[in-house]
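An overview of the molecular structure
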Amino acid sequence: MNNNLSFWEHLDELRSVLFKSLAAWCIATIVAFIFKNPLFSILFAPSQSDFILYRGLRRLAQWTGWETLCPEETTIHFINTELTAPFFTHLQVAMPSSFGLWLGAYAEALTDDMRLLIAAFEQSNLNPLGSAAGYGSSAPLNRTMTTQLLGFADLDYNAIYAQMNRGRMERTVAFAYSSVAETIGRLAMDCCMFNSQNFGFIKLPDTMTTGSSIMPHKKNPDVFELIRAHANHICALPDTIRHITTNLPVGYFRDLQLLKEVYFPLFDELNDLLEITT
């Protein structure tokens, strides 16, 4: 940049830059309008059953046996899909965006959730058998053989740690599940909000709404409200498990029995959420 320009020459330079920027914007707008169909096909890709995330979920479902991750087809109904809508920050109108970008955000969030699920699986895929009451056993156990026969990836080498891992493993799995639940809960909240008269971006089918007892004409998004509530319940489980085990010393204690009543229902609850949402 030439610092020796006069004031008026600086104004001329600014005017030149503004005109060039305006011309570039006009050209980009024209190009986008000409190629709007390919652009919309990219933005709305998450509404198609062959979207890359869904293919990844199907592979993960085949690997883990988690069938609810494998939707047969995805059907999403939008209002004015060819138009952008005013999206919000602080619940105030911020700037226009597209539904494809909105859904793509949740697709990417679920991709991160899949990474957490895989990490939790790898951390839990260790053989604790042979730790006995927490200090090993005098029996001549071949722990390497049991690890191979039972299909574990590896074993917990320290017998005391194998016992200490009780609660830690449940908390790790619950945290990975809660990450999925958090994503689903936020999506449910968006659907409730966007379905309201104040937004009107999407329209939920009658099968997913109910009327009020004194206002039967209303269409309340009860299904997504319950999805949101159950998702929040799942998100609280890692802390519940932590509070049960946080101050336990080494060895086994009866406190650990309480883990079962909060841990085992987690799987059915999230499976139900995934099945209802998809």
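Conventions adopted
- Residues numbered from 1 in each chain as written.
- Predicted model: local features only at pLDDT ≥ 70, side-chain atom pairs only at ≥ 80, totals over all residues.
- Heavy atoms only, no water.
- Helix = DSSP H or I, 4+ residues; strand = E, 2+ residues; numbered from the N terminus.
- Buried < 20%, exposed > 50% of the residue type's maximum accessible area, 1.4 Å probe, protein only.
- Contact = heavy atoms within 4.5 Å.
- Areas by Shrake-Rupley, 256 points an atom, 1.4 Å probe, with all protein chains shown as cover.
- Expected span 1.5 Å × (residues − 1).
- Patch = residues over 30% accessible without salt bridge, like charges linked within 9 Å, V, L, I, M, F, W, Y side chains within 5 Å.
- Salt bridge = Lys/Arg side-chain N within 4 Å of Asp/Glu carboxyl O.
- Lys, Arg positive; Asp, Glu negative; His and termini not counted.
- Polar contact = N/O pair within 3.5 Å; in protein donor to acceptor, adjacent residues only side chain to side chain.
- Phe/Tyr/Trp six-rings, centres within 6.5 Å; stacked < 30°, edge-to-face > 60°.

Right, let's talk about the overall build of the chain for a bit. The helix and strand inventory of the chain stands at nine helices and four strands. Residues classed as buried in the chain amount to 33% of the 278 residues present. Expressed as a percentage of contacts within the chain between residues at least 6 apart in sequence, the contacts between residues at least 24 apart total 66%. A total of about 18,100 Å² of accessible surface is found on the chain, and carbon and sulfur atoms cover 61% of it.

Here we come to the environment of Ala153. Mapping Ala153 onto the fold places it in the loop between helix 5 (143-150) and strand 4 (154-155). Judged by relative accessible area, which is 61%, Ala153 ranks as exposed. With 31 residues separating them in the primary sequence, Ala153 and Glu122 have C-alpha atoms 7.9 Å apart.

The terminal C-alpha atoms of helix 4 (residues 99-124) lie 37 Å apart, and with 26 residues this matches the ideal 38 Å at 1.5 Å per residue to within 8%. For helix 4, the set of buried residues is Phe99, Gly100, Trp102, Leu103, Tyr106, Ala107, Asp113, Met114, Leu117 and Ala120.

Before going further, it helps to examine the environment of Cys192. You can see Cys192 is positioned in helix 7 (residues 168-195). Owing to a relative accessible area of 11%, Cys192 belongs among the buried residues under this scheme. The spatial distance from the C-alpha of Cys192 to the C-alpha of Glu225 is 7.1 Å, given a sequence separation of 33 residues. When sequence neighbours within four positions are dropped, the list of residues in contact with Cys192 reads Pro221, Phe224, Glu225 and Arg228.

Quick look at a nonpolar patch on the surface now. Nonpolar side chains collect at one region of the surface, where Ile27, Ile30, Val31, Phe33, Ile34, Phe35 and Leu39 lie side by side and expose about 720 Å² of accessible area between them. Broken down by element, the nonpolar patch gets its largest block of residues, five residues, from helix 1 (residues 7-34). Within the secondary structure, Phe33 sits in helix 1. Looking at Phe33, the relative accessible area reads 59%, which means it is exposed.

If you walk through the whole model with that rule in mind, you get four salt bridges. Asp12 is paired through a salt bridge with Arg15; the nearest N and O atoms lie 2.4 Å apart. With Asp12 and Arg15 both in helix 1 and three residues apart, the pair spans about one turn of that helix. The partly exposed category is assigned to Arg15, whose relative accessible area is 43%.

As for its placement among the helices and strands, Glu269 is situated in helix 9 (residues 258-277). Salt bridges are absent for the buried Glu269, whose nearest opposite-charge side chain, Arg228, sits at 13 Å. Here the side chain of Glu269 touches His233 through a polar contact of 3.0 Å, side chain to side chain. Other than its neighbours up to four places away in sequence, Glu269 contacts His230, His233 and Ile234.

Scanning the model with the defined rule gives twelve aromatic pairs in all. Between Trp102 and Tyr106, the ring centres sit 6.2 Å apart and the planes meet at 90°, which makes this aromatic pair edge-to-face. One end of the pair, Trp102, and the other, Tyr106, are both in helix 4, four residues apart, so they sit about a helical turn from each other. Residue Tyr106 is classed as buried on the basis of its relative accessible area of 14%. Ring geometry for Tyr263 and Phe267: centres 5.2 Å apart, planes at 85°, overall edge-to-face. Here Phe267 and Tyr263 lie together in helix 9, a separation of four residues that amounts to about one turn. Overall, the relative accessible area of 9% leaves Tyr263 in the buried class. The structure contains a cluster of three or more aromatic residues connected by ring pairs, namely Phe87, Phe88, Trp102, Tyr106, Phe194, Phe199 and Phe201.

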